[in-house]
Amino acid sequence: DISLVTITHDATGSNGRPTILLDGADFFTFKNITIENTAAGSNPYGIALTNEANGILVDSCSVKITGITGAGILATSNLTSLTGNGNNTNNTNNS
């Protein structure tokens, strides 16, 4: 039941933006959970993928953000911006 497990983060500052940061992480599965970022500022992220985070599965989850701008799931080379390029992630799957 997705309502039974919630990971919540109130992001502050440019380094604390993601609730879950997968920096070069490989083969993680998130299933039937709620991931929430309650920051009121700009650019909060639910899940941030960077530095070739590979094989990430987000299955039957709710990813919520409450900020003005931001992203539920973000793949970027720049955690202080919604735009960053490079090899940030491979084989990522949202179910």
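Residues numbered from 1 in each chain as written. Predicted model: local features only at pLDDT ≥ 70, side-chain atom pairs only at ≥ 80, totals over all residues. Heavy atoms only, no water.

Asks: I keep staring at the overall build of the protein chain and nothing clicks. Help me out?
Replies: Secondary structure assignment for the protein chain yields zero helices and eleven strands. The helix and strand sequence of the protein chain, counted from the amino end, reads β-β-β-β-β-β-β-β-β-β-β. Per-residue burial over the protein chain gives 36% buried out of 95 residues. Within the protein chain, residue pairs in contact and separated by at least 24 positions form 77% of the contacts whose partners lie at least 6 positions apart. A total accessible area of about 5,000 Å² is found for the protein chain, and carbon and sulfur atoms account for 47% of it. (Helix = DSSP H or I, 4+ residues; strand = E, 2+ residues; numbered from the N terminus. Buried < 20%, exposed > 50% of the residue type's maximum accessible area, 1.4 Å probe, protein only. Contact = heavy atoms within 4.5 Å. Areas by Shrake-Rupley, 256 points an atom, 1.4 Å probe, with all protein chains shown as cover.)

Asks: Please clarify how unusual backbone geometry should be interpreted in this entry.
Replies: Note: most peptide bonds trans; most residues except glycine with negative phi. Even without glycine at this site, N32 takes up a positive phi of about 55°. Here N32 is to be found in the loop between β3 (29-31) and β4 (34-37). The class of N32 is partly exposed, set by a relative accessible area of 31%. In this structure, E52 takes a positive phi of about 60° despite not being glycine. Its place among the elements puts E52 in the loop between β5 (45-50) and β6 (53-54).

Asks: Got a minute to help me understand the nonpolar core in this structure?
Replies: The nonpolar side chains of a soluble globular protein tend to be buried, and buried together. Counting residues in hydrophobic clusters, the biggest one holds eleven residues: I20, L22, A25, F30, I33, I35, I47, L49, A53, I56 and V58. Setting aside its immediate chain neighbours within four residues, I20 contacts I7, F30, I35, G46, I47 and A48. (Core = buried A, V, L, I, M, F, W, Y, C linked by side-chain atoms within 4.5 Å.)

Asks: Help me out: how do you make sense of the sheet that holds strand β2 (residues 18-23) in this one?
Replies: What holds strands together in a sheet is hydrogen bonding between their backbones, with the strands either parallel or antiparallel. Read across the sheet, three strands follow the order β2-β5-β9 without closing on themselves; strand pairing throughout is parallel. Each having just a single partner strand, β2 and β9 (71-75) make up the two edges of the open sheet. Ignoring strand direction, the axes of neighbouring strands in this sheet form an average angle of 10°. Where β5 lies against β9, four bridges are found, and the strand directions are parallel. Bridge pairing in β9 places I47 opposite I73. (Pairing = 2+ DSSP bridges. Axes fitted to C-alpha atoms, helices over the stretch in contact; angles between N-to-C directions.)

Asks: Help me out: how do you make sense of the pattern of salt bridges in this one?
Replies: Side chains carrying opposite charge are able to pair once their charged atoms draw close together. Going through the model one piece at a time under the given rule, you end up with one salt bridge. The salt bridge partner of D59 is K31, with a shortest N-O separation of 3.5 Å. With D59 in strand β7 (residues 57-59) and K31 in strand β3, the pair connects residues that are 28 residues apart, well separated along the chain. (Salt bridge = Lys/Arg side-chain N within 4 Å of Asp/Glu carboxyl O.)

Asks: What am I meant to see in the pairing of β5 here?
Replies: Along any regular strand the residues' side chains alternate between the sheet's two faces. Counting buried residues in β5 gives six out of six residues, a clear majority hidden from the surface. Judged from the five bridges that link them, β2 and β5 form a sheet pairing that is parallel. Within the sheet, the bridge partner assigned to P18 lies in β5 and is Y45.

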